[in-house]
Amino acid sequence: MKRSSCNRIKIMSMALGIVSLLYIRKRMSGKTVFISSGIKVDYPFINLENSEVTAYITYKGKTYMRIQYNVLTEETKVNGSIESIKGNRLLKNRVMLNDADFVEMVQCSAQFFIDNEVTDVDAFYRQN
């Protein structure tokens, strides 16, 4: 008698645990919190003739990185580093990307801009 009630309690607690996990999962699905770090990527120079794109990575108006990418030759020139921004204790946990991630992001964007013959990024995104 005592053994069967102990088994029932175990089974009921497991069922309650599973139901509560499913309930919590349903309530949390579809929610994302986006917090801007304030780091901006600007594309001031897009040369369609030479397939070159220049990007500036800025934070609070100060330029930290300059990336030039040639889509045809796949040559990348990088000046500066984003790591100095990560030294700021307010941004330490908000900036998860490193220099290589920003370079890859600029390369992908440059390929898109050249393929679609975009010369003014701001006008292109306002239009769409």
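See the structure printed just above.
Just so it is clear, the structure is predicted and the values come from calculations on it, not from any experiment.

## Topic: helix 3 (residues 99–115)
Between the first and last C-alpha of helix 3 there are 24 Å, a value that for 17 residues agrees with the 24 Å anticipated at 1.5 Å per step. Those residues of helix 3 not exposed but buried are F102, V103, V106, A110, F113 and I114. End-on, the buried residues of helix 3 take up no more than an arc of 100°, which puts them together on one face. Away from the buried face of helix 3 by more than 90 degrees, exposed residues A100, C108 and D115 are located.

## With respect to the sheet that holds strand 1 (residues 39–47)
With respect to topology, four strands assemble into an open sheet ordered 1-2-3-4, the strand pairing being antiparallel. Strands at the two margins of the open sheet, each flanked by one partner only, are strand 1 and strand 4 (75–80). Across the sheet, the mean angle separating the axes of adjacent strands is 15° when strand polarity is ignored. Bridge count for strand 2 (residues 52–59) against strand 3 (residues 62–70) is eight bridges, and the pairing is antiparallel. Its bridge partner lying in strand 3, Y56 is registered against R66. In this fold helix 3 packs onto strand 1, strand 2, strand 3 and strand 4, with an angle of close to 40° to the strand it touches most, strand 1.

## What to know about the packing of aromatic side chains
Inspection of the entire model under this criterion finds four aromatic pairs. Between F112 and F124 the ring centres are 5.8 Å apart and the planes differ by 65°, which places this aromatic pair in the edge-to-face class. Residue F112 is located in helix 3, and its partner F124 is located in helix 4 (residues 121–127); the two are separated by twelve residues in the primary sequence. Owing to a relative accessible area of 35%, F112 belongs among the partly exposed residues under this scheme. Centre to centre, the rings of F124 and Y125 are 5.3 Å apart; their planes meet at 70°, and the pair counts as edge-to-face.

About the cut-offs
- Note on numbering: residues in each chain are counted from 1, in written sequence order.
- Whole-chain, interface and lining totals are the exception, using all residues; otherwise, since this is a predicted model, local features are given only for residues with pLDDT of at least 70 and side-chain atom pairs are given and counted only at 80 or more.
- Only hydrogens and water are set aside when side-chain values are computed; all heavy atoms of the structure are taken into account.
- Secondary structure elements are defined from DSSP: runs of H or I of at least 4 residues count as helices, runs of E of at least 2 residues count as strands, and each element is numbered from the N terminus.
- Expected span of a helix: the number of residues minus one, times 1.5 Å.
- Accessibility here uses a 1.4 Å probe with only protein chains present; expressed as a share of the type maximum, an area under 20% marks a residue as buried, one over 50% as exposed, and anything in between as partly exposed.
- The arc in question is the one traced by the directions running from the helix axis out to the C-beta atoms.
- Two strands qualify as a pair provided DSSP detects at least 2 bridges between them.
- Axis lines are fitted through C-alpha atoms, for helices just across the contact stretch, and the angle between N-to-C directions can take any value from 0 to 180 degrees.
- Note on contacts: a residue pair qualifies if any of its non-hydrogen atoms lie within 4.5 Å across the two residues.
- Any pair of Phe, Tyr and Trp rings, taking the six-membered ring for Trp, is counted once the centres come within 6.5 Å. Such a pair is stacked with planes under 30 degrees apart, edge-to-face with planes over 60 apart, and tilted for the rest.

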